[in-house]
Amino acid sequence: MTQAGRQGSPRNGSGRTGAGNKAGHNTPRSQGAGGAGRGQRDAGKGGFSGGADRGFKRPKPREEAFIDPDLNPGPAEPAQRGGKPAAKKPGARKPGAGKAPGTPGALKPKARIGAGAAKATGSKAFGSERFGQNLGPVRKPTRKRGPRGAVPQSELHDADGVRLQKVMASAGVASRRVCEEMIAEGRVEVDGRVVTELGMRVDPATSVIHVDGLRIQLDENMVYMVFNKPKGVVSTMEDPDGRPCISDFVRNHHGERLFHVGRLDVATEGLLLLTNDGELANRLTHPSYEVPKTYLVQVRGPFPQGVGAQLKAGVELEDGMASVDSFRLVDSTPGHVLIEVVLHSGKNRIVRRLFDAVGFPVLRLVRVKVGPIGLGDQRQGSIRNLGKQEVGHLLASVGL
């Protein structure tokens, strides 16, 4: 044996303090000796390991765990070394983890948070609009409609018109792709009939389009505004006596002639709708549509029990019986009471006359809501344009 072989041999006592033996002290025997490396290379060619008398044995193939498909029809768990199944996830140990979704005791699926979920929440009409107030879903109209079945495209198709999804996207409903999905899902109505075909062409000047019951206003010349009228302003566009009127506040907002929906007396504050849509204005003021109006009324306290029930039951006035739809006590301070009432009557000074009849004259009166449109935090004397979603809700409230 050569000197190099004696130094690399594990039986050489002098090699116990050598650097090579120190390095191989914590390694397996097959890797500690210098000749072992050469023996492993020879073993791969069918030879013997250096210094070993045993022949090379090939490793046994790994045994896969048998899984009965009748007992476990799902995919098999990946096995770890030694044939042991992989550790289950913490959620798999929860009660009901093995049950199919929808069965009693099964785990509820987690809400998806990602692009799909964002797409689902943004697919509502005017979902990306930042202007105006979000009024939620449109209330179903009380009038009866025919069956909401899909109609042939030929009955509503206008060969010279514009594609329906393009008209919707131009009106700000959503992107064109989302509009196509809305049409395919049966959420779009043209002239009161559901459309599900993407090749539909319509005339924007004459067609009436609804998405989820929300009317799309296609006429860009229509104007819809909310004016928070201060006390002392006359509800007219012009006043021969020179008193402050609505035109003093509208002059800097729009050049087209507008008219107000309803009236508020000089001492009453609050919401006043301004528009050039004559059909909408007529319906909002017509008694048959019964558009609710909400007022905040301040009177002197204390306010005895039973008066609110009397107002709801009806009070005899000089022009007939009148009543409120709802009555709610909002706040009470020493000497003053704040009350919220809702009524649909459009008679002149109806709220003041009702409270005068029950013995509590009005100290301050503010109208805060008309139909679905509310003042919110809008400051007095200011005018704002309604958002497209608000316009759709307002039109839907009177069946347009």
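Refer to the structure above for everything that follows.
Along each chain, residues carry numbers from 1 onward, in the same order as the chain's sequence is written. Given that the model is predicted, a residue must reach a pLDDT of at least 70 before its local features are reported, and side-chain atom pairs must reach 80 or more before they are shown or counted; all residues, however, enter totals for whole chains, interfaces and linings. Computation of side-chain values: all heavy atoms of the structure, hydrogens and water removed.

**Student:** Whenever I open this one, the environment of Ala357 confuses me. Can you help?
**Tutor:** By definition, any uninterrupted DSSP run of H or I lasting at least four residues is a helix, any uninterrupted run of E lasting at least two residues is a strand, and each is numbered from the N terminus. Residue placement: Ala357 occurs in helix H12 (residues 350–357). On the basis of relative accessible area, Ala357 is assigned to the partly exposed category, the value being 39%. With 40 residues separating them along the chain, Ala357 and Leu317 place their C-alpha atoms 7.4 Å apart. We call two residues in contact when some of their heavy atoms are within 4.5 Å. Each residue touching Ala357, except ones within four places of it in the same chain, is listed here: Val315 and Leu317. Think of it in three bands: with a 1.4 Å probe and only protein chains considered, a residue is buried below 20% of the maximum accessible area for its type, exposed above 50%, and partly exposed in between.

**Student:** How should I be thinking about the nonpolar core in this particular structure?
**Tutor:** Most often, soluble globular proteins keep nonpolar side chains buried together rather than apart. Among buried residues, those of type Ala, Val, Leu, Ile, Met, Phe, Trp, Tyr and Cys that are joined through side-chain atoms within 4.5 Å constitute a nonpolar core. Val297, Val299, Phe303, Val341, Val351, Leu354 and Phe355 are the most contacted members of the largest nonpolar core, which has 22 residues in total. Counting only elements with at least two residues in this core, the list comes to strand S10 (293–300), helix H11 (307–313), strand S11 (315–317), strand S14 (336–343) and H12. Membership of the second largest hydrophobic core comes to 20 residues, among which are Ile183, Met200, Ile209 and Val211.

**Student:** Looking at this structure, how should I read helix H8 (residues 176–184)?
**Tutor:** An α-helix turns once every 3.6 residues. As a result, residues three or four positions apart point the same way. All buried positions along H8 are accounted for by Val178, Cys179, Met182 and Ile183. Summarising the axial view, the buried residues of H8 lie within an arc of 145°, below the 170-degree limit, and thus occupy one face. Along H8, the residues that are exposed and aim more than 90 degrees away from the buried face are Arg177 and Ala184. Elements in contact with the buried residues of H8: helix H7 (164–170), strand S2 (188–190), strand S3 (193–195) and strand S5 (209–211). By construction, the arc corresponds to the directions joining the helix axis to the C-beta atoms.

**Student:** Explain the packing of aromatic side chains here, please?
**Tutor:** Any pair of Phe, Tyr and Trp rings, taking the six-membered ring for Trp, is counted once the centres come within 6.5 Å. Such a pair is stacked with planes under 30 degrees apart, edge-to-face with planes over 60 apart, and tilted for the rest. One pass over the full model with this rule turns up three aromatic pairs. For the pair Phe303 and Phe327, a centre-to-centre distance of 5.8 Å together with 25° between the ring planes defines the contact as stacked. With Phe303 in the loop between S10 and H11 and Phe327 in strand S13 (residues 326–333), the pair connects residues that are 24 residues apart, well separated along the chain. Here Phe303 falls in the buried class, since its relative accessible area comes to 17%. On the numbers, 4.6 Å between centres and 45° between planes, the contact of Phe303 with Phe360 is tilted. Taken as a pair, Phe303 in the loop between S10 and H11 and Phe360 in the loop between H12 and strand S15 (364–370) lie far apart in primary sequence, 57 residues in all. Since its relative accessible area comes to 15%, Phe360 is described here as buried. One aromatic cluster is present, formed by Phe303, Phe327 and Phe360 through successive ring pairs.

**Student:** Would you mind showing me how to read the sheet that holds S3 here?
**Tutor:** The strands making up a sheet associate through hydrogen bonds between their backbones, and the pairing can be parallel or antiparallel. Here four strands make up an open sheet; going across it, the order is S3-S2-S5-S6 and the pairing antiparallel. Of all the strands in the sheet, the pair left with one neighbour each is S3 and strand S6 (214–215). Note: two strands are recorded as paired if DSSP finds a minimum of 2 bridges between them. When S2 meets S5, the two strands line up antiparallel, connected through three bridges. Within the sheet, the bridge partner assigned to Val190 lies in S5 and is Ile209.

**Student:** Sorry, what's going on with the pattern of salt bridges here?
**Tutor:** When the charged atoms of two side chains lie near each other, side chains of opposite charge can form a pair. Here a salt bridge means any side-chain nitrogen of Lys or Arg lying within 4 Å of a carboxyl oxygen belonging to Asp or Glu. Within the structure shown, the criterion is met by eleven salt bridges. For Arg187, the salt bridge goes to Asp212, with nearest N and O atoms at 2.7 Å. Placement of the pair is Arg187 in the loop between H8 and S2 and Asp212 in the loop between S5 and S6, with a sequence separation of 25 residues. For Arg187, a relative accessible area of 18% translates into the label buried.

**Student:** Hey, could you run me through unusual backbone geometry in this one?
**Tutor:** Trans peptide bonds make up most of the peptide bonds, and negative phi angles are found at most residues other than glycine. Residue Gly301 is joined to Pro302 through a cis peptide bond whose omega torsion reads 0°. Topologically, Pro302 is positioned in the loop between S10 and H11. Positive phi outside glycine occurs at Asp191, with the angle close to 55°. Summarising the element assignment, Asp191 is placed in the loop between S2 and S3. In the Ramachandran plot, Glu290 falls in the positive-phi region, its phi being about 50° despite a non-glycine side chain.

Function cannot be inferred from these measures alone, as they are strictly geometric.
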